[in-house]
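# Residue-level structural notes
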Amino acid sequence: MIAVTGANGQLGRLVLRHLTRPTSKQVRALVRTPAKAQDLASDQVSVVRGDYDDPASLAAALSGVERLLVISGSEVGKRVPQHAAIIDAAKAAGVHFIAYTSLLNVPKSSLILGAEHIETEKLLAESGIAHAILRNGWYLENFAGTLAAALAHGAVTGASGDGKFSAAGREDYAEAAARVVAGTDLSTRSFDLGGTPAFTRHEFAEELSRLSGRAIAYNNLDETTYAEMLVQAGLPDGLAKALADADRGAEAGELETASRDLEKLIGRPAKTLRSFIEETLAASESTV
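In this report, we go over the structure that sits alongside the text. (Residues numbered from 1 in each chain as written. Predicted model: local features only at pLDDT ≥ 70, side-chain atom pairs only at ≥ 80, totals over all residues. Heavy atoms only, no water.)

## Regarding the overall build of the protein chain
For clarity, the threshold we go by: Each helix is a run of DSSP H or I of at least 4 residues and each strand a run of E of at least 2, with the numbering of both proceeding from the N terminus. Only the C-alpha atoms count toward the radius of gyration. The rule for a globule is 2.2 Å times the residue count to the power 0.38. Residue burial is assigned from relative accessible area. The probe radius is 1.4 Å, only protein chains are included, and a residue is buried under 20% of its type maximum, exposed over 50%, and partly exposed in between. Whether two residues touch is decided by their heavy atoms; if any such pair falls within 4.5 Å, the residues are in contact. Computed with the Shrake-Rupley method and a 1.4 Å probe, the accessible areas treat only the protein chains shown as cover for residues. For the purpose of counting charges, residues Lys and Arg are taken to be positive, whereas Asp and Glu are taken to be negative. His and the chain ends are not included. Lysine's charge is taken at NZ, arginine's at CZ, aspartate's at CG and glutamate's at CD.
When helices and strands are counted, the protein chain shows eleven helices and nine strands. At 19 Å, the protein chain has a C-alpha radius of gyration in line with the 19 Å of a compact globule built from 288 residues. Dimensions of the protein chain, computed from the C-alpha atoms along their principal axes, are close to 55 × 35 × 35 Å. The 288 residues of the protein chain split such that 50% are buried. A separation of at least 24 residues holds for 76% of the contacts in the protein chain among residues at least 6 apart in sequence. In the structure as shown, the protein chain presents an accessible area of about 12,700 Å², 52% of it carried by carbon and sulfur atoms. When the 29 basic and 36 acidic side-chain charges of the protein chain are each reduced to a single mean position, those positions are 5 Å apart.

Here's what the structure looks like:
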């Protein structure tokens, strides 16, 4: 039995789709509110309540589970105790193997978003359970808002300078996670996952200019000003600071990798920036 936490999220749903293709194993989808995720249920997938903030629900959800994919929680600031709860429950349930979605360049990351991943990786190392760390790079989908704003205002805005992003599509990371948790190698190891070629925000603007037929510039701000701009755009203060800090980290090389682990895992090239922009532009045109 394979279990997946956060199975009703954007990444979790994609993982389930990939898990039901290569394996005949039963899959248990852990969600906070099963009533909202019944469309995930099938002959192969069972939907159960598994809430990071309710350890009793985790213990019941992991009964009989051999392998577990822990998709990192979305509540920044609460993730260490939440992840500790699922790891403790996995140990008590006798789970043999855990795969965990971490962040690129942990444990050396200085990003705000990296701190809780660093602590979770330590918890896994201390658990005694064999585990695989999936250190995911930036998602191309993270740039959807940037793309929309750039088309509206004629400029890509950020604070990453000439720093590069080894970004890939959410589908790519989901397939990699499914292959690892359902694979034959259950040894403890880590993967540095990112797409190629890496790109700067300036190169993002250039590619968007070519594909949209419009002149899109890159407006590089300092970290504080960029965070303030994100707040003005409607983002919560904490998230705005974390995203601006991620740009700061990108400028220092923390969101770039030369690793080809992702394409090796999925057996094909990951989605490129060009493909992402083409698909996003096509989708926006179809809704006009």
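Read on, since the account is not over.
## Considerations on the environment of Ala-41
Residue position: Ala-41 is located in the loop between strand E2 (27-31) and strand E3 (45-49). Taking C-alpha positions, Ala-41 is 45 Å from Arg-214, a pair spaced 173 residues apart along the chain.

## Focus: the pairing of E2
The condition that has to hold: If DSSP finds at least two bridges between two strands, the strands pair.
Where burial is concerned, most of E2 is hidden: five out of the five residues are buried. Neither face of E2 is open: one carries Val-27, Ala-29 and Val-31, the other Arg-28 and Leu-30, and all of them are buried. Examined bridge by bridge, strand E1 (residues 2-4) and E2 share three bridges and lie parallel to one another. Bridge assignment links Ile-2 to a residue of E2, and that residue is Val-27.

## Remarks on the sheet that holds strand E8 (residues 189-193)
For clarity, the threshold we go by: Note on geometry: axes are lines fitted to C-alpha atoms, helical ones only across the stretch in contact, with angles between N-to-C directions running from 0 to 180 degrees.
On the basis of which strands lie adjacent, the open sheet formed by seven strands has the order E3-E2-E1-E4-E5-E6-E8 and parallel pairing. Only two strands of the sheet have a single partner each, and these edge strands are E3 and E8. Strand-to-strand, the axes of this sheet are offset by a mean angle of 20 degrees, without reference to chain direction. Where E2 lies against E3, five bridges are found, and the strand directions are parallel. Paired with Leu-30 across the bridge in E3 is Val-48. Of the strands in this sheet, E1, E2, E3, strand E4 (67-70) and strand E5 (97-103) are in contact with helix H1 (residues 10-19), which crosses E1 at around 160 degrees. Against the sheet, helix H4 (residues 115-127) makes contact with E5 and strand E6 (130-136), and its axis sits at roughly 160 degrees relative to E5, the strand it touches most.

## Comments concerning the nonpolar core
Defined as follows: Among buried residues, the Ala, Val, Leu, Ile, Met, Phe, Trp, Tyr and Cys ones that are joined through side-chain atoms within 4.5 Å form a nonpolar core.
Ranked by size, the top nonpolar core spans 36 residues in total, and within it Val-4, Val-15 and Leu-69 carry the most contacts. It is helix H6 (residues 170-181) that provides the largest number of residues to this core, a total of seven residues. Beyond its immediate stretch of four places on either side in the chain, Val-15 contacts Val-4, Leu-69, Ile-71, Ala-174, Ala-177 and Ala-178. Counting residues in each nonpolar core, the second largest holds 28 residues, with Leu-113, Ala-167, Leu-208 and Leu-273 among its members.

## Description of unusual backbone geometry
Of note, the amide linkage connecting Val-106 to Pro-107 takes the cis form, showing an omega dihedral of 10 degrees. Within the secondary structure, Pro-107 sits in the loop between E5 and H4. The step from Thr-196 to Pro-197 runs through a cis peptide bond, and the omega angle for that step is -5 degrees. Within the secondary structure, Pro-197 sits in the loop between E8 and helix H7 (201-212). In this model, Asn-105 sits at a positive phi of 70 degrees, which is unusual for a non-glycine residue. Along the chain, Asn-105 turns up in the loop between E5 and H4. Here Asn-105 falls in the partly exposed class, since its relative accessible area comes to 26%.

Any link to function would need more than the numbers given here.
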